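Structure assessment
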Amino acid sequence: MSAEAADREAATSSRPCTPPQTSWFEFLLEEALLEQHLQKPSPDPPPVQLIVQFLEQASKPSVNEQNQVQPPPDNKRNRILKLLALKVAAHLKWDLDVLEKSLSVPVLNMLLNELLCISKVPPGTKHVDVDLSSLPPTTAMAILLYNRWAIRTIVQSSFPVKQVKPGPPQLNVMSQVQQEKELTDNILKVLKEQAADSILVLEGALKLNKDLYVHTIRTLDLLAMEPGMVNGETESSTAGLKISAEEIQCQVCYDLGAIYFQQGSTNAAVHENAKEKFFKTKELIAKNGSSSLHFTIDEERLAGYCQACGVLTSSSDDASQQATPYSQIHSCMKSGNYQDLVKIFLEDNLTLSLPVQFRQSVLRELFQKAQQGNDALDEVCFKVCVCNTVCDVLQGRTIDIQFCQLFLKPSKEKIDFLLEVCSRSINLENASEALKRKMAAFLKNLCLGLEDLQLVFMISSHELFIKLLKDDERKLLVDQMRKRSPRINLCTKPVTSFYDIPASASVNIGQLEHQLILSVDPWRIRQILIELHGMTSERQFWTISNKWEVPNVYGNVILGIKDNLTRDLVYILMAKGLHCCAIKDFVHAKQLFAACLELVTEFSPKLRQVMLNEMLLLDIYTHEAGAGVSGERPPSDLISRVRGYLEMRVPDIPLRQVIAEECVAFLLNWRENEYLTMQVPLPLVQTNPYVKLGQLLAATCKELPGPKESRRTAKDLWEVVVQICSVSNQHKRGNDGRVSLIKHRESTLGIMYRSELLSFIKKLREPLVLTTILSLFVKLHNVREDIVNDIAAEHISIWPSSIPNLQSVDFEAVAVTVKELVSYALTINANNHFWLIIQADIYFATNQYSAALHYYLQAGAVCSDFFNKMVPPDVYTDQVIKRMIKCCSLLNCHTQSRCHGFLL
């Protein structure tokens, strides 16, 4: 062994290796393995993942000899898998908090139904009709667990859930998510229909007053034995984990309180029931303690429920509840006693008992009432906002924008109240230095933000301000105020200021030109130009910035306007609008284009149509960058305008090619294939190359997948693209008399140049259109005679398999185009496995084996949930697997190469 190999071997052997994850089927083979695994400090896979794996395997449908899907068979393997899932749940002591957090509704529903089944609850029996006191303890406990989970799930489903931002669409993943959502909705529908029965079952459980038992791993093992070997042990009162009657009552009361509280939104009287259950829960926790083997109750949430019930129910007999700030605030809001409301907020600034979210919700409610026409509430809103702001300052939070808005016009009364709140919100004798510094910084910044010196003096002369800021800090603040304010003379003798010297006309023109360059306000641009033209009539102000660019087709028309001011205004408005459009500032672009349209409508029908065309392009850009990103279809009005532009036949109107290009791409991206194939006028197809290309693409996509005779449009599209990629050959005689062949890369044989075609394709986002054009170029690349490694693609069979004149095709340009198209397509959807396979094949064909293997693995990962499921055979074809084997071999990864060999 060489020294390098020895070093490499030593480095490899010294690395810590991660133990392999235990597979689900190993627990089937070794009976004692599950308990050993669960006893580990951090088992991998964790218990809840094992439950999912066991139940997923047990519920897999089977396929018979006629290839018909059958329900999962009730065989020994599936029964053991279900038993293993129950054992894992028993290890977790049937803690619904843990199970609900980690398992989906369908999985947990299946698990608890298996518990009912193994606990000898007859299937189809209504739980409300069963007498719990007559049942074995474990059976009664199974029924309780199921019905508790049912109402907890109903309550949980009523809470708003933040939607997960969707990634790029994948058909197989989307269908799985949709199936799980539909299954969850169906289960919830059944649970809600049975909610009344579940509530009656739990109410009946409160009357049991006896201990119950829940299944453990041992009792489940006993149940799995033959009936004769059990000897009734699982039916006795000593089997399983004992749950005391107090624990059961506490948990059931809490769950019933939650469902009653949820139902109170439609039936206020039910809040009384919720209050009774929550306060009973509170009593039981106080009596028995919050620790329990079987359950945990979120005491903070329970306290919130209790306070909410105290506010929502009339409880005159409960003086302590009436004394809470929540109930007082609710009473003040209900009666309109806003003076006491402000007093409560002011007092709470010292105690800080009210959460910031509650304070903000009260302020929002006051703002809503004020906006509905109650002007008297404006002052109350300001006072509550000040209390909240001072509270935020003391707790180190940022000042809310609402305070800044309400303080835009400060007055003596507002400053007085603000200083009163600050004084009453901090106890200077007991306050920490950090608290004092926060209040001092707030008052200091407040002074710097005020322009009225009288109001500044009110703050700086206040007792609190003097105590909080040191002498040198106050002097520094006064100096800053003097420098900032023009009202204060900094010296006794007046000095002539630079700004007092009258400016010359050239200085004024320069300043106005600078403002004209910076401004994007159409009205301000017009005012500046009027002033400039009033100063001089010799200048052409549309030339002052080299950034103002207008397309030549428009420039000739605009510069033909005779009036100098109108010409400058039209040119600058259009140039600035186009610039804003280019930097995606669509709001200002729309304002500038609208002003320009209004101006040219008065004197030029030609320029009016030009501006309508540019506004159409702007609306396309705005939709594609906004609502279009989330998949929202464009309004029908916009689609009609796009069609109208393509069909426009107004003579002598200057047209930009990019607008037609964007219009066709827009129709393809939003699947307007019917219009492009059937309704677009024939003369338009013959005169506009982008329309022709769009029509062929739409027709080809529309017929996929189709029979052989429907591939005529595919052949037409193929011929058009082949012509675009063809080169014109010319013969030239050299000085030595020999004839040489010259190839022109950008041929004019096709309907457009290859660079124009590539630019157009990069405006497309619709997956099927991109797949189609990518498939065409891949096929064109594979037709080459000297090709060694073919590239695979979807729908590749629809294209012709040969070209009459191979020498005319610029295959180097085709190869470059394929690479660029794949790179662009993956920016649209990086998880499209067919595009990833194309990228991998390209790397394989160019001997970049590491990159090729990376993309082959990525393609398999995205379509198999990171290899948790089988990779579809149409993704990992035999050719792909052979190429992966070759990549591994050439990269000296022989073990991986051997593993891939087993897949063939």
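Report on the accompanying structure. No experiment lies behind these values; they were computed from the predicted model shown.

With that settled, the discussion passes to helix α42 (residues 833-845). A rise of 1.5 Å per residue sets the reference length of α42, with its 13 residues, at 18 Å; its end C-alpha atoms lie 18 Å apart and thus fit the reference within 8%. The buried fraction of α42 is high, at 10 of 13 residues. Here α42 has its buried residues at His833, Trp835, Leu836, Ile837, Ile838, Gln839, Ala840, Asp841, Ile842 and Phe844. Where α42 is buried, its residues contact α40 (767-782), α41 (811-828), α43 (849-862) and α44 (878-890). Measuring from the side-chain oxygen of the N-cap residue of α42 to the backbone nitrogen of phenylalanine 834 gives 3.1 Å; that N-cap residue is asparagine 832. Looking at the residues trailing α42, positive phi occurs at asparagine 847, about 65°.

Moving on, we get to the pattern of salt bridges. Tallied over the full model, the rule gives 27 salt bridges. Notably, a salt bridge pairs aspartate 255 with arginine 148, separated by 2.6 Å at the nearest N-O pair. Remark: arginine 148 occurs in helix α8 (residues 137-157) and aspartate 255 occurs in helix α13 (residues 245-263); sequence separation between them is 107 residues. Residue arginine 397 is joined to aspartate 392 by a salt bridge in which the shortest nitrogen-to-oxygen separation is 2.9 Å. Salt bridges sharing partners connect three or more residues here, namely Asp97, Glu100, Arg148, Arg152 and Asp255.

Two descriptors summarise a pair of aromatic rings, namely the distance from one centre to the other and the angle between the planes of the rings. Scanning all chains against the criterion turns up 6 aromatic pairs. On the numbers, 5.6 Å between centres and 75° between planes, the contact of phenylalanine 844 with tyrosine 849 is edge-to-face. Classification of tyrosine 849 by relative accessible area gives buried; the value is 17%. If you follow lysine 414 out to its NZ or CZ, it ends over the ring of phenylalanine 382, 5.1 Å from the centre.

The subject of this paragraph is the side chain of threonine 677. Structurally, threonine 677 is set in helix α35 (residues 673-679). Residue threonine 677 is classed as buried on the basis of its relative accessible area of 18%. In terms of polar contacts, threonine 677 uses its side chain to reach the backbone carbonyl oxygen of glutamate 674, at 3.3 Å. Once you skip the residues sitting within four places of it in the chain, threonine 677 turns out to touch Gln695, Ala698, Ala699 and Lys702.

This paragraph deals with the environment of cysteine 581. Position of cysteine 581 relative to the elements: it lies in helix α30 (residues 564-582). Put simply, cysteine 581 and leucine 617 are 36 residues apart on the chain and 9.4 Å apart in space, counted from C-alpha to C-alpha. Here cysteine 581 is in contact with Phe586, Ala589, Leu618 and Tyr621, once residues within four sequence places are set aside.

With that out of the way, let us pick up helix α19 (residues 356-371). Between its terminal C-alpha atoms α19 stretches 23 Å, which fits the 22 Å expected from 16 residues at 1.5 Å a residue. Of the positions making up α19, those classed as buried are Arg359, Val362, Leu363, Leu366, Phe367 and Ala370. Buried positions in α19, seen along its axis, are confined to an arc of 140° and lie on one side of it. Opposite the buried face of α19, at more than 90 degrees from it, the exposed residues are Gln357 and Gln371. In this structure, the buried side of α19 is in contact with α17 (325-335), α18 (338-351), α20 (377-394) and α21 (401-406).

Take the packing of α41 against α42 next. Packed helices, taken two at a time, are described by the angle their axes make and the gap between the axes. At a closest axis distance of 10 Å, the pairing of α41 and α42 adopts a crossing angle of 145°. Considering how the two elements wind past one another, α41 and α42 form a crossing that is left-handed. Within the contact between the two elements, α41 uses Val818, Lys819, Val822, Ser823, Ala825 and Leu826 and α42 uses Trp835, Leu836, Ile838, Gln839 and Ile842. Partitioning the contact of α41 with α42 into residue classes produces 8 nonpolar, 2 polar and 1 charged.

Summarising the element assignment, leucine 569 is placed in helix α30. As a C-alpha pair, leucine 569 and cysteine 596 span 27 residues in sequence and 8.1 Å in three-dimensional space. Setting aside residues no more than four positions away along its own chain, leucine 569 makes contact with Ile525, Arg526, Leu529 and Leu599.

One broad rule of soluble globular proteins: the nonpolar side chains tend to lie buried together. Ranked by internal contacts, the top residues of the largest apolar core, which has 130 residues, are Ile558, Leu697, Phe760 and Phe777. Ranked by residues supplied to this core, first place goes to α30 with 10 residues. Setting aside anything within four residues of it in sequence, one finds phenylalanine 760 in contact with Glu661, Val664, Ala665, Leu668, Tyr690, Leu693 and Leu697. Listed in part, the 77 residues of the second largest apolar core include Leu115, Leu116, Trp149 and Leu223.

Relative to the helices and strands, serine 519 is located in the loop between α27 (505-518) and α28 (522-535). Setting aside anything within four residues of it in sequence, one finds serine 519 in contact with Arg524, Ile525 and Lys576.

Orientation of helix α4 (residues 47-58) relative to helix α5 (residues 76-91), taken along the N-to-C sense of each, is 160°, at an axis distance of 8 Å. Put simply, α4 runs roughly antiparallel to α5. Helix-helix and strand crossings are classified by hand; for α4 and α5 the assignment is left-handed. Across the interface between the two elements, Pro47, Leu50, Ile51, Phe54, Leu55, Gln57 and Ala58 from α4 touch Arg77, Asn78, Leu81, Lys82, Leu84, Ala85, Val88 and Ala89 from α5. Considered class by class, the residues forming the contact of α4 with α5 number 11 nonpolar, 2 polar and 2 charged.

Rules of the game
- Residues numbered from 1 in each chain as written.
- Predicted model: local features only at pLDDT ≥ 70, side-chain atom pairs only at ≥ 80, totals over all residues.
- Heavy atoms only, no water.
- Helix = DSSP H or I, 4+ residues; strand = E, 2+ residues; numbered from the N terminus.
- Expected span 1.5 Å × (residues − 1).
- Buried < 20%, exposed > 50% of the residue type's maximum accessible area, 1.4 Å probe, protein only.
- Contact = heavy atoms within 4.5 Å.
- Polar contact = N/O pair within 3.5 Å; in protein donor to acceptor, adjacent residues only side chain to side chain.
- Salt bridge = Lys/Arg side-chain N within 4 Å of Asp/Glu carboxyl O.
- Phe/Tyr/Trp six-rings, centres within 6.5 Å; stacked < 30°, edge-to-face > 60°.
- Lys NZ or Arg CZ within 6 Å of the ring centre and 35° of its normal.
- Arc of directions from axis to C-beta.
- Axes fitted to C-alpha atoms, helices over the stretch in contact; angles between N-to-C directions.
- Left-handed = near helix turned anticlockwise from the far one by under 90°.
- Nonpolar A, V, L, I, M, F, W, Y, C, P; charged D, E, K, R; others polar.
- Core = buried A, V, L, I, M, F, W, Y, C linked by side-chain atoms within 4.5 Å.
- Parallel < 35°, antiparallel > 145°, perpendicular 65-115°, else oblique.

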